[in-house]
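Structure at a glance
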Amino acid sequence: MNQYQLNEKAMEFRSEIDISHFDPIDFFPLITHKIKDLTIVFLDMDSDISGACCKFDSQKIIFINSNHSKGRQTFTAAHEIYHLSCEDEQFTICNLNNADEIERTADAFASFLLIPTPALYKYKKENNIEKWNLDNIIECEQYYQISHEALLFRLKNAGDISNDEYDEYKPNVKQNALRRGYDTSLYEPYISKNYTIGNYARLVGEVFEKDLISKARKDEYLLDAFLSDLVYDMEDL
Ligand SMILES: [Zn+2]
């Protein structure tokens, strides 16, 4: 698939989940709401592994490295969506430095999913951007909640910034964002511990309600997924 086709594919995916081609996405709440059979597990993994995914029966699971920044975690989730929706593999592990064709394709899909090409053109026009610089790059990544590196890479690939500019704009993004009045949540983990969001808790609740499992088994399943908050009533604390 070429870049044009991948962008089309990413926009099709946005349409399937009723998201316009232009809007920024509050990614994790949105996909766990829109993709009903999806569970996302945040896990403490080696830093060179960005994530993994698997599918079986009607269920899909995405694993995300809990040590990475929110921008990176979001990008990984979008990348894993490519594996889950466009490939037949049942289980895939994604390494940050793996440059093989499938990984690069999944990265390009993720980039287009977070900012479809028409959205980037529109953003550029509406913000009167003639030349990308660190100011408007940080504004854009904050607006679309895409990682600094992913946006720089996208702009470099499109020929909008040079290799030298890429190297110049890359470091110290937290300080550079703070100085421009942004908080740094994009550059810190969205969830920084072992934790599970999405369909899993709903499924466990359902089988318990149907009396298919005991309370003890339900608690065991929730603890398996790091959901101690649901086992020990945290609201009483
Ligand atoms: Zn991958």
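Every value quoted in this text rests on a predicted model; they were computed, and no experiment measured them.

Pairing is mixed across the open sheet formed by 5 strands, whose spatial order is β4-β2-β3-β1-β5. Edge positions in the sheet fall to β4 (91-95) and β5 (195-198), since each of these pairs with one other strand and no more. This sheet shows a mean twist of 15 degrees between the axes of neighbouring strands, independent of strand direction. The sheet contact formed by strand β2 (residues 49-56) and β4 spans 5 bridges and is antiparallel. Considered in β4, the bridge of Ala52 is made with Ile93. Against the sheet, helix α10 (residues 199-209) makes contact with β1 (38-43), β3 (59-65) and β5, and its axis sits at roughly 80 degrees relative to β5, the strand it touches most.

For the structure on display, the rule yields 10 salt bridges. In this structure, Arg104 and Glu101 form a salt bridge, with 3.0 Å as the shortest nitrogen-oxygen distance. With Arg104 and Glu101 both in helix α4 (residues 101-114), this residue pair falls 3 residues apart, about one helical turn. Look at Arg104 and you get partly exposed, because its relative accessible area is 47%. The class of Glu101 is exposed, set by a relative accessible area of 52%. Between Arg180 and Asp135 there is a salt bridge, with its nearest N and O atoms 2.6 Å apart.

The phi angle at Asp18 is positive, at roughly 60 degrees, despite the residue not being glycine. Secondary-structure assignment places Asp18 in the loop between α1 (3-16) and α2 (27-34). The exposure class of Asp18 is exposed, given its relative accessible area of 62%. Even without a glycine there, the phi angle at Gln145 is positive, about 50 degrees.

Each value, and the rule that gives it
- Residues numbered from 1 in each chain as written.
- Predicted model: local features only at pLDDT ≥ 70, side-chain atom pairs only at ≥ 80, totals over all residues.
- Heavy atoms only, no water.
- Pairing = 2+ DSSP bridges.
- Helix = DSSP H or I, 4+ residues; strand = E, 2+ residues; numbered from the N terminus.
- Axes fitted to C-alpha atoms, helices over the stretch in contact; angles between N-to-C directions.
- Contact = heavy atoms within 4.5 Å.
- Salt bridge = Lys/Arg side-chain N within 4 Å of Asp/Glu carboxyl O.
- Buried < 20%, exposed > 50% of the residue type's maximum accessible area, 1.4 Å probe, protein only.

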